[in-house]
Amino acid sequence: MTADEALSRIAGKRIFFGHQSVGRDILDGIRRIAAEQPGRGIEIVEAAGPAVFDRPVFAHAKIGKNRDPASKCAAFFRILENGLGDQADIAFFKFCYIDFSAGTDASQLYRRYRDTLSGLSARFPRTCFLPVTAPLTCPDRRTALGRLAGLVTGAESWVHANRERDRFNELLRSDSVGKEPVYDLALLESTAPDGTRVVSSRDGVSSPSLFPGYTDDGGHLNSLGKRVAAENLLLLLAGLS
């Protein structure tokens, strides 16, 4: 199935996506793909209320605060409880790379994420809740030291933060085996176009990392990264449809 065929498959669905900046990057990629296929009928709107779901739509909204992943769980739960859970065919939200540091308790954070989705799934069984792995980072190629400004502090390394993101992601993957599909954004980000997995090491720590060709600042997605992430999301959503 191609990305434009996937657009046709999901055009009749009501979808909600809660996100922050990397989510915006993915949506940019979807818009670009949709612009190449005029007439596919997909409508992308920024909204979090049930009124917009009186028709097929791909709705999205910024949720919670960066560096406060619990606020994102709470915001997503609140949005679904306030009427969206009775309307959406598919709903999902993701954390951002900035929600993780070397000191993050990945297990605890995963339990909160899992409990949010499972609680909503029990309340709204007709809605498909799609788990999403946490995005990764790599050094900002524009800086002399190769450090991500604002993402690490003191002696923390971006590799150590990626290790916690990877721990979260591995828990999500293992918990989803034989269950619902997963939008494995981290796997996409850490796989080069030739299929090679990108693994970085520092201070004796190794972890998957964002392929440098998918980013210009070490965290957000550039045009190529947006395209890869968007195409894969569309194909997954089409499969759920």
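Anyway, here's the lowdown on the structure attached to this text. Quick caveat: nothing in here was measured; it's all calculated off a predicted structure. (Residues numbered from 1 in each chain as written. Predicted model: local features only at pLDDT ≥ 70, side-chain atom pairs only at ≥ 80, totals over all residues. Heavy atoms only, no water.)

1. Points about the packing of helix α3 (residues 69–81) against helix α4 (residues 106–123)
Phase 1 of the analysis: Direction vectors running N to C along α3 and α4 enclose 5°, while the axes themselves pass 10 Å from each other. By the angle between their directions, the pair α3 and α4 is classed as roughly parallel. For the pair α3 and α4, the contacting residues are Pro69, Ala70, Cys73, Phe76, Phe77, Leu80 and Glu81 in the first and Leu109, Arg112, Tyr113, Thr116, Leu117, Gly119, Leu120 and Arg123 in the second.
Phase 2 of the analysis: Looking at the contact of α3 with α4 residue by residue, the class counts come to 10 nonpolar, two polar and three charged. (Axes fitted to C-alpha atoms, helices over the stretch in contact; angles between N-to-C directions. Helix = DSSP H or I, 4+ residues; strand = E, 2+ residues; numbered from the N terminus. Parallel < 35°, antiparallel > 145°, perpendicular 65-115°, else oblique. Contact = heavy atoms within 4.5 Å. Nonpolar A, V, L, I, M, F, W, Y, C, P; charged D, E, K, R; others polar.)

2. Looking at the layout of surface pockets
Phase 1 of the analysis: Its boundaries defined by the atoms lining it, the largest pocket holds a volume of some 260 Å³.
Phase 2 of the analysis: Surrounding the largest pocket, 15 residues form its lining, Leu117, Ser118, Phe129, Pro131 and Glu180 being those nearest its centre.
Phase 3 of the analysis: Elements with a contribution of two residues or more to the lining of the largest pocket: α4, β5 (128–129) and α5 (158–176).
Phase 4 of the analysis: With six residues, α4 is the single largest residue contributor to the lining of the largest pocket.
Phase 5 of the analysis: Taken together, the residues of the lining of the largest pocket sort by class into seven nonpolar, four polar and four charged. (1 Å grid on protein atoms, 1.4 Å probe; cavity = no way out; pocket = protein on both sides within 12 Å on 5 of 7 lines; lining within 4 Å. Points joined across faces, edges and corners; volume = space filled by probe spheres on them.)

3. Brief notes about the packing of aromatic side chains
Phase 1 of the analysis: Taken as a whole, this structure holds 13 aromatic pairs when the rule is applied.
Phase 2 of the analysis: Aromatic pair Phe95 and Tyr113: ring centres 5.2 Å apart, planes at 55°, arrangement tilted. Separated by 18 residues along the polypeptide, Phe95 in the loop between β4 (90–93) and α4 and Tyr113 in helix α4 bring together distant segments of the chain.
Phase 3 of the analysis: Geometrically, the ring pair formed by Tyr110 and Phe168 is edge-to-face, given 5.7 Å between the ring centres and 75° between the ring planes. Placement of the pair is Tyr110 in helix α4 and Phe168 in helix α5, with a sequence separation of 58 residues. The same class applies to Tyr110 and to Phe168, which are both buried.
Phase 4 of the analysis: Through a chain of ring-to-ring contacts, the aromatic side chains of Phe16, Phe76, Phe93, Phe95, Phe100, Tyr110, Tyr113, Phe129 and Phe168 assemble into a single cluster. (Phe/Tyr/Trp six-rings, centres within 6.5 Å; stacked < 30°, edge-to-face > 60°. Buried < 20%, exposed > 50% of the residue type's maximum accessible area, 1.4 Å probe, protein only.)

4. Here's the deal with the sheet that holds strand β3 (residues 57–62)
Within a sheet, each strand pairs with its neighbour through backbone hydrogen bonds, oriented either parallel or antiparallel.
Phase 1 of the analysis: Ordered in space as β2-β3-β1-β4-β5, the five strands form an open sheet in which the pairing is parallel. Only two strands of the sheet have a single neighbouring strand rather than two, namely β2 (44–46) and β5.
Phase 2 of the analysis: In terms of strand pairing, β4 meets β5 through two bridges, oriented parallel. Bridge pairing links Ala91 to Phe129 in β5.
Phase 3 of the analysis: Strands β1 (14–19), β4 and β5 of the sheet are contacted by α3, whose axis makes an angle of about 160° with β4.
Phase 4 of the analysis: Packed onto the sheet, helix α7 (residues 223–240) meets β1, β3, β4 and β5 and runs at close to 145° relative to β4. (Pairing = 2+ DSSP bridges.)

5. Some points on the side chain of Thr127
Phase 1 of the analysis: By the secondary structure assignment, Thr127 is in the loop between α4 and β5.
Phase 2 of the analysis: A polar atom in the side chain of Thr127 sits 3.2 Å from the backbone oxygen of Gly85.
Phase 3 of the analysis: Those residues within four positions of Thr127 in sequence are excluded, and the remaining contacts are Gly85, Ala88, Asp89, Ile90 and Ala91. (Polar contact = N/O pair within 3.5 Å; in protein donor to acceptor, adjacent residues only side chain to side chain.)

6. What about the side chain of Ser207?
Phase 1 of the analysis: Structurally, the position occupied by Ser207 is in strand β7 (residues 205–208).
Phase 2 of the analysis: Relative accessible area serves as the criterion here: at 2%, Ser207 is assigned to the buried category.
Phase 3 of the analysis: Side-chain polar atoms of Ser207 contact the backbone oxygen of Asn162, separated by 3.2 Å.
Phase 4 of the analysis: For Ser207, the residues in contact, after removing those within four places along its chain, are Val159, Asn162, Arg163, Asp166, Val198, Val199 and Ser200.

7. Points about helix α2 (residues 21–35)
Phase 1 of the analysis: When the terminal C-alpha atoms of α2 are compared, their 21 Å separation across 15 residues agrees well with the 21 Å that a helix rising 1.5 Å per residue should span.
Phase 2 of the analysis: Within α2, burial applies to Ser21, Val22, Gly23, Asp25, Ile26, Leu27, Gly29, Ile30, Ile33 and Ala34.
Phase 3 of the analysis: Those residues of α2 that are buried are in contact with α1 (3–10), β1, β2, β3, α6 (185–189) and α7. (Expected span 1.5 Å × (residues − 1).)

8. Topic: the nonpolar core
Phase 1 of the analysis: Counting 74 residues, the largest nonpolar core has Phe16, Phe76, Leu80, Phe92, Phe168 and Tyr183 as its most contacted members.
Phase 2 of the analysis: Ranked by residues supplied to this core, first place goes to α7 with eight residues. (Core = buried A, V, L, I, M, F, W, Y, C linked by side-chain atoms within 4.5 Å.)

9. What about empty space enclosed by the protein?
Phase 1 of the analysis: Scanning the model with the defined rule gives one cavity of 30 Å³ or more in all.
Phase 2 of the analysis: Roughly 50 Å³ of volume is contained in the largest cavity.
Phase 3 of the analysis: Forming the boundary of the largest cavity are Ile10, Ala11, Lys13, Ile15, Gly41, Ile42, Glu43, Pro56, Val57 and Phe58.
Phase 4 of the analysis: Split by residue class, the lining of the largest cavity holds seven nonpolar, one polar and two charged.

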